[in-house]
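Residues per chain, in single letters:
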Amino acid sequence: MKVFRGLPNAAARAPCALTIGNFDGVHLGHQALLAQVRSAADRLGLEAAVMTFEPHPREFFARKARDMSKAPPRIANLRDKLKSLDDHGIDRVIVEHFSEHFAALTPEQFTRDVLVEGLHVKWLMVGDDFCYGARRAGNVQMLMEAGREYGFHVEALPTVMNGASRISSSAVRAALAEGDFAHAEQLLGHPYSISGHVIHGQKLGRTLGFPTLNLRVPHRPALSGIFIVQVHGLADAPLPAVASLGVRPTVEDSGRVLLEVHIFDFARQCYGQAVRVEFLRKIRDEEKFIDLPTLTAAIQRDSDQARAFFMERSGAVNATDRI
C-alpha cells in the first residue's frame, strides 16, 4: 500500500476508486465501505484509494477555538489506521493535512482541485451523511451532480447497523470509555488494541518492582485507566500483562499520555520493538495517590487481579479441552 502525505504529485497520480473519511477505528461500517471500494476498483481496473485527514477536522477546529474538549478522543493512532486500511485491500492512502487552507475550500474547489485534478477519481463512494467543503456546504446530492459534470460516478452507502444501533466511531468511543470491550469488538469486528514501538521511560516501574514497557500515545485516547491486557509481538503467544493508560498523575503533571505495560514474569529489554497491546478488561480508573508506597500497593492489587483473571481463563480453556 502506498501512503501519500497530501495529494500525490503529477507522476504518482492514477485513476482510482475512492472513499473519503476519518476512518477512526476502521469499524464494521468503514469495512463495508472499503469492501465496496475494493470491489469497484477490481471491476473497473482502478486503484482502490482512501482519503483521510490528519489532524481530525474536529480536532483542528477545537484547537482553533482553544477548546480541546470539543476534539473527539482517538480510537486508533495513524499507524493502526493505516494497517487496517492495508488489511482491507486499499492500494493507496492520501493522508491530507487538514489546515486553514483545506478547510476553506468551497465544494466546487474541492471537487475540481482535489478529486478531479489531484486524485483522478473515476468512482467515489461516501456515507449517506457525507458533507464536504467550507462550512460543510456540500452534500451527497451536490457531489452526484459534480460527478456527472466531471465524469466520475458517485454512490452513497446507507448506514450500517448493529441490531437497532448505528455503527459509528462515536459508538466505539462510548464502548471503550465504559470499558465495554465486548461491545467494542462487536462494532470493530476484532478485539481492541493499540500498537507502537517500545520507548524509554523514567524507569520508575523498575524501582517499584513492576518494570514496564512504555508506548507513546500521541493523541488523547478514547479510554483511560488500569486494564488487564495481553501483549503481541514478543513471543509466539500473547503475553499476559497489566497496563496503565493515562497521564500518570501520581508521578508527573505534564499531561503527557503514556501506555505502560507490566508483563508478568518477563525481564527482556525490548526498546524499539513493535508490539500490539490487546485490551481485555478494565480494572479501575486512573487515580492520584498520596505517595509512592500507596501507588505501589495499588499496582500490586491490580497485578493480583490480572493474574487471577488469566488463571481463571486458563482453567476455563483447559476444562473446555477436556470436554
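This report concerns the structure included in the present document. Per-chain numbering applies: the sequence of each chain, read as written, is numbered from 1 onward. With pLDDT at 70 or above as the cut-off, local features in this predicted model cover only qualifying residues; side-chain atom pairs require 80 or more to be listed or tallied, and sums for whole chains, interfaces and linings still use all residues. Hydrogens and water molecules were not included; the side-chain quantities draw on all heavy atoms of the structure.

### What about the overall build of the protein chain?
Short version of the rule: Runs of E in the DSSP output that reach at least two residues are strands. Runs of H or I that reach at least four are helices, and both are numbered from the N terminus. Three exposure classes are used, based on accessible area relative to the maximum for each residue type with a 1.4 Å probe and protein chains only: buried under 20%, partly exposed in between, and exposed over 50%. Only heavy atoms enter the contact rule, under which two residues are in contact if any of them lie within 4.5 Å. A 1.4 Å probe and the Shrake-Rupley method give the accessible areas. Residues count as covered only by the protein chains that appear here. The positive count covers Lys and Arg only, the negative count covers Asp and Glu only, and His and the chain ends enter neither. Taken as the charge location is NZ of Lys, CZ of Arg, CG of Asp or CD of Glu.
Across its full length, the protein chain holds 10 helices and 14 strands. With the principal axes as the frame, the protein chain shows a C-alpha extent of 70 × 55 × 40 Å. Expressed as a percentage of the 323 residues in the protein chain, the buried residues total 48%. Taking the contacts inside the protein chain whose residues are at least 6 apart along the sequence as the reference set, 73% of them involve residues at least 24 apart. For the protein chain, the exposed surface amounts to about 16,000 Å²; the carbon and sulfur share of it is 52%. Within the protein chain, one finds 38 positive and 37 negative side-chain charges whose respective centroids are separated by 3 Å.

### Things to note about the sheet that holds strand β3 (residues 47-54)
To keep things clear, this is the line we draw: A strand pair is defined by DSSP finding two or more bridges across the two strands. Between the N-to-C directions of two axes lies an angle of 0 to 180 degrees, each axis being a line fitted to C-alpha atoms and, for a helix, fitted only over the stretch in contact.
Read across the sheet, six strands follow the order β1-β4-β3-β2-β5-β6 without closing on themselves; strand pairing throughout is parallel. The sheet is open, and its two borders are formed by β1 (2-5) and β6 (153-157), each paired with just one other strand. Along the sheet, successive strands turn relative to each other by an average axial angle of 20 degrees, direction set aside. Note: β3 against strand β4 (residues 92-97), six bridges, orientation parallel. When the sheet's bridge partners are listed, T52 is paired in β4 with V95.

### Some details on the environment of A41
For A41, the position within the fold is in helix α1 (residues 28-44). Judged by relative accessible area, A41 falls into the buried class, the value being 1%. Taking the C-alpha atoms as reference points, A41 and H88, 47 residues apart in sequence, are found 13 Å from one another. Non-local contacts of A41, meaning those with residues more than four positions away in its chain, are made with A17, L46, E47 and A48.

### Describing the packing of aromatic side chains
Quick reminder of the rule: Stacked, edge-to-face and tilted are the three classes for Phe, Tyr and Trp ring pairs, Trp counted by its six-membered ring, which pair at centre distances within 6.5 Å; planes under 30 degrees apart are stacked, over 60 edge-to-face, the rest tilted.
Enumeration according to the criterion identifies 15 aromatic pairs in this entry. Ring centres of F181 and F227 lie 5.9 Å apart, and the angle between their planes is 65 degrees; this geometry places the pair in the edge-to-face category. One end of the pair, F181, is in helix α8 (residues 181-188); the other, F227, is in strand β11 (residues 225-232), and 46 residues separate them in sequence. Residue F181 shares its accessibility class with F227, and that shared class is buried. When the centroid spacing of 6.5 Å and the interplanar angle of 80 degrees are considered together, the rings of F264 and F310 count as edge-to-face. In this pair, F264 sits in the loop between β13 (258-263) and β14 (274-284) while F310 sits in helix α10 (residues 292-322), placing the two residues 46 residues apart along the sequence.

By themselves, these observations are geometric and do not establish any function.
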